[in-house]
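These are the residues of each chain, in order.
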Amino acid sequence: MQTITLAPSATDECPQADDLRRPPPAGVEQTSGGRAHAQEPLLCSGHAACPGCVEPLTVRHILDVLGPDTMAVIPPSCMAIIAGPQPFSSLRIPVYQPTLEASAAAATGLRRALDAKGQRDTQVIVLAGDGGTYDIGFQCLSSAAERNENILYFCLDNEGYMNTGAQKSSSTPHYARTGSTPAGKTSRKKNLLEIMAAHGIPYAASASIGHLADLQRKVEKAKALRGLRLITLLIPCLDGWGLPDDAALGTARAAVECGAYPLYEIEDGVRYTLNHTQRTRPVADYLALQRRYRHLSADQTLALQCEVDEGWARLLQRVAASAPA
Amino acid sequence: MTADDRPVLLTGNHAVAWAARLARPQVVPVYPITPQTPVLELLTDFQAEGCFDAEIITPESEHSVMSACIPASLAGVRVFTATASQGLLLMHELLHYAAGARTPIVMANVNRTVASPWAFWPDQTDSLAQRDTGWVQFYVESAQEALDTVIQAFRIAEQVLLPVMVNLDAFYVSHALEPVSVPAQALVDAYLPPFNPAQRLDTVQPSSWGNVVTPDMFNRHRQALEAAMGGVPALAAEADRDWGERTGRSWGVIERYRCDGAATVIVSMGSLCGTAREAVDALRATGEGAGQAVGLLKLRLFRPLPAAALRAALTGVADVIVLDRNHSPGCGGVLHQELRAALYGMPDAPRIHGYLAGVGGINVSPERITAFVQRAQSEAPQPHSEWVR
C-alpha cells in the first residue's frame, strides 16, 4: 500500500466550498513561483496510478515545463484517479474536476474568469483521456476550438475507456480487442489531429513519453503560444493493452518507430512538420507486444500495415504541401 | 435608454438583461433559445456599446454554458446566464454540479413548455422538474419584479453560496412591455458589493474541487447544503426588505393579497398571480356576489419552500385553491403536492383543491378563476390534481 504524499493542494477532509482554500499542513513545503525544478515536482510521488503506468511520468514532465502558474481541468479519467481522492492531491497546482463531457467548456469558464481578473498569464490546461476527448467531450472541444479559447489541452490517449476496465472509444485502433469489442474493433481510430487542424487552431501535435526531448520541446512551444493548443500523448495501458509492467515505455517507442503513432505538429491548421521521420520496424513488431492484438490473423496484420502506410503517405503529402515554395 | 430611476417600457427579458448589467457579472456564458433570446441579445448589445464589460462566452450548447459557469464562479468571479425549457433540461446534470460546488451562479429561466411535442407556450414544468437540483428558485409576475429579483438573487446567492434561478413565464412576462423602473448603478452597487469570496481556485494557494470523496464526506456535504438552504427564506426576506428601503419596491418571500379575513385563498406562482388578482378583486367587490372573502397567496420563493410562512399565512383559511401551470405525470400539479406536504399535520388545516390550470400555455382568464373558486367551494377536495379549463 503506497502512502499518498500530501501536497499543498490538499484541502480539508470534507469538501465544503467553505474549506476550498486552506493553508497547507505544517511541514509541507509551499510551492513558490517560477519554473518547477526536479527536486520539487508538481506531480508528487505516492499517487494512485497503476505500477508501471507512464501517464504520471508524462504529466510530471509536462508540468515541469509549465510550472506552478497553471490550473488543471481533469475530467473523470485515469488522471483523475492519479490526482487523488479528497483530502489528498498528487498535484501542487489547483485542479477542477468537471463532468466527463465538459472539459473544454469548463476550461473556457476558468480561462475567462482568470482573464476577467487580469490573470492572463496563468495557463489553463486540460488533462483528459481519449474517451473524454474523442467521444463524449468532443462537442465542447470543437466549440472551444472554433472560438480559439486560450487553453492548452492535453489528451492522454490510452486508446480506450481504461478507467472502467478497457472498453472501446473512438480512439481505439482497428481490430483491437476491448471489453466492448471482444472480437476486435471493426472500425478505424478517429483522426483527432486532422479534425482539430481543420478548426485552424494555432497548434496541434502528437507526442510521446518514449521521445521525451520532443515532448518537452512541444510543451515549451505550446506554452509560448496563445489560443487553443492541443497535444495528444500516447499512453500504452498495461492492463487494457495487455502489457507487462515494464513494457509501457518500450511500447510507446515502438508505436512511433513503426509509424502507427507518428510524431508531428500542425501549426495554424496548415503547416505540418513530421518530427520522427524514419520508420524502422514493421507494424507487426508493435502488435506483437500487445495482448489486445493476439487474435489477429495474418490478413488483419497486413491490413493494419496497409492502413499505417496510407496514413504515413498522407502525412508526407501534408508535410510536402506545407513546405515553403 | 438611461439607467436613472424613471420608469421605461421594458419586456421581462429586457428587464432581466438590465438587472444583469447592473449587477456587474464578470463572466456570462449564454446560448440562445426561444423565448430567452432577447436577454442574450440585449447583453451583447450592451457589450458592443461599451457599457457591459463581462467576458461573454457563446458556446455550442446550454450544457457547455453551465459547464463554463461553474469553474468561473469557483475562480471567484460573479457569473450570470439565462436559458429556457429544453436548454434548462440540457443543463440538468450541471445544475446538480453547480449546487454541489456551492457556486453562487444566478440564472434567469423563461418558463416554456417541455417537448415533445414541440411547443413554445408558458408552462413551469421545465424549472419545477429541477426542484431537486439544489438551486434556489424564484417565480416572478412582472417585468419589474424580474429586474428586482435578479439583483436580489445575486445578494442571496453570494451570502449562502448556492445558485439561484429566477423564473419568468414565457411571453406573458418575457415579452410583454411594462413600465419598469431601472435603478441607478450607484444604488445597485451600494446594495450589491463586489463578489470577493475567501475560497477560490487559486495558483498562489492551490486547492482543488471535485475530487472523489468517501460516503461520510458526501453525507456531510449534503447536510451542509441542506443547512444553507434552510437559511434562504430569512436571507431572501432581508434582501427584499433592504431593496424595498432603497427603491420603495419589495415583493415578499410570499405575498398575501387581500387575504385578511379570507375564507378561500388562491395559491399560485408567476404570471397567473396577476390574473388571480383580477379575480379576487371581482369576487371581493360588493354586488351580485355580495363580496366573497377571497384572497390570493403568491408564492415567490418556491425552493426552499417557505413552509412556516405558508402555514402561518393559511391559518384559519377554509379552502385553498392551488393553480398549477405545470404537470408532473402521475403526480399532478407540483405546487399542489408541495403545498399538501407543507400543510400536512397542521391543526384545522385548510381543504386543498389542486387545479391543473393553464398547462401547455392555455389561457386562464379572471372569469375562469372565479369559476374555479365557486367549484372549490361546492366540492370536496381530492388528493389528486384536477384538470380544469
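Note that the structure is a prediction, hence the values are computed from the model and not measured. (Residues numbered from 1 in each chain as written. Chains lettered and ligands numbered in written order. Predicted model: local features only at pLDDT ≥ 70, side-chain atom pairs only at ≥ 80, totals over all residues.)

### Quick look at the overall build of chain B
And step 1. A count of helices and strands for chain B gives 14 helices and 16 strands.
And step 2. Relative to the globule expectation of 21 Å for 389 residues, the C-alpha radius of gyration of chain B, 21 Å, shows essentially globular dimensions.
And step 3. Projecting the C-alpha coordinates of chain B onto the three principal axes gives extents of approximately 70 × 55 × 45 Å.
And step 4. Counting all 389 residues of chain B, 55% fall into the buried class.
And step 5. Looking at chain B alone, contacts between residues at least 24 apart form 80% of all its contacts between residues at least 6 apart. (Helix = DSSP H or I, 4+ residues; strand = E, 2+ residues; numbered from the N terminus. Rg over C-alpha atoms; globule rule 2.2 N^0.38 Å. Buried ≥ 20, exposed ≤ 12 C-beta atoms within 10 Å, placed from the backbone. Contact = placed C-beta atoms within 7 Å.)

### Looking at the domain arrangement of chain B
All names here are of chain B.
And step 1. Segmenting chain B into domains produces domain 1 (7-247) and domain 2 (254-387).
And step 2. If you look at the interface, domain 1 gives 27 residues, while domain 2 gives 21 residues.
And step 3. Among the secondary structure elements, those contributing two or more residues to the side of domain 1 that touches domain 2 are helix 6 (125-128), strand 6 (136-140), strand 7 (164-169), helix 9 (215-230) and helix 10 (232-247).
And step 4. Among the elements that line the side of domain 1 that touches domain 2, the one with the most residues is strand 6, at 5 residues.
And step 5. Looking at the side of domain 1 that touches domain 2, its residues break down into 15 nonpolar, 8 polar and 4 charged. (Domains from an automatic or database assignment. Nonpolar A, V, L, I, M, F, W, Y, C, P; charged D, E, K, R; others polar.)

### A short note on the nonpolar core
And step 1. Core analysis: the biggest nonpolar cluster contains 217 residues, and Leu-110 of chain A together with Val-16 and Val-150 of chain B have the highest contact counts within it.
And step 2. The greatest single-element share of this core, amounting to 10 residues, is contributed by helix 7 (residues 143-160) of chain B.
And step 3. Taken together, domain 1 (7-247) and domain 2 (254-387) of chain B each give at least three residues to this core, which thus spans both.
And step 4. Those residues in contact with Leu-110 of chain A that sit more than four places away from it in its chain are Met-71, Val-73, Tyr-96 and Val-124 of chain A together with Pro-71, Ala-72, Ala-75 and Leu-201 of chain B. (Core = buried A, V, L, I, M, F, W, Y, C linked by C-beta atoms within 7 Å.)

### What about the interface of chain A and chain B?
And step 1. Contact residues are listed per partner, giving 46 residues for chain A and 44 residues for chain B.
And step 2. With 10 residues, helix 3 (residues 103-116) of chain A is the largest single contributor of residues to the side of chain A that touches chain B.
And step 3. Tallied by class, residues from the side of chain A that touches chain B come to 22 nonpolar, 15 polar and 9 charged.

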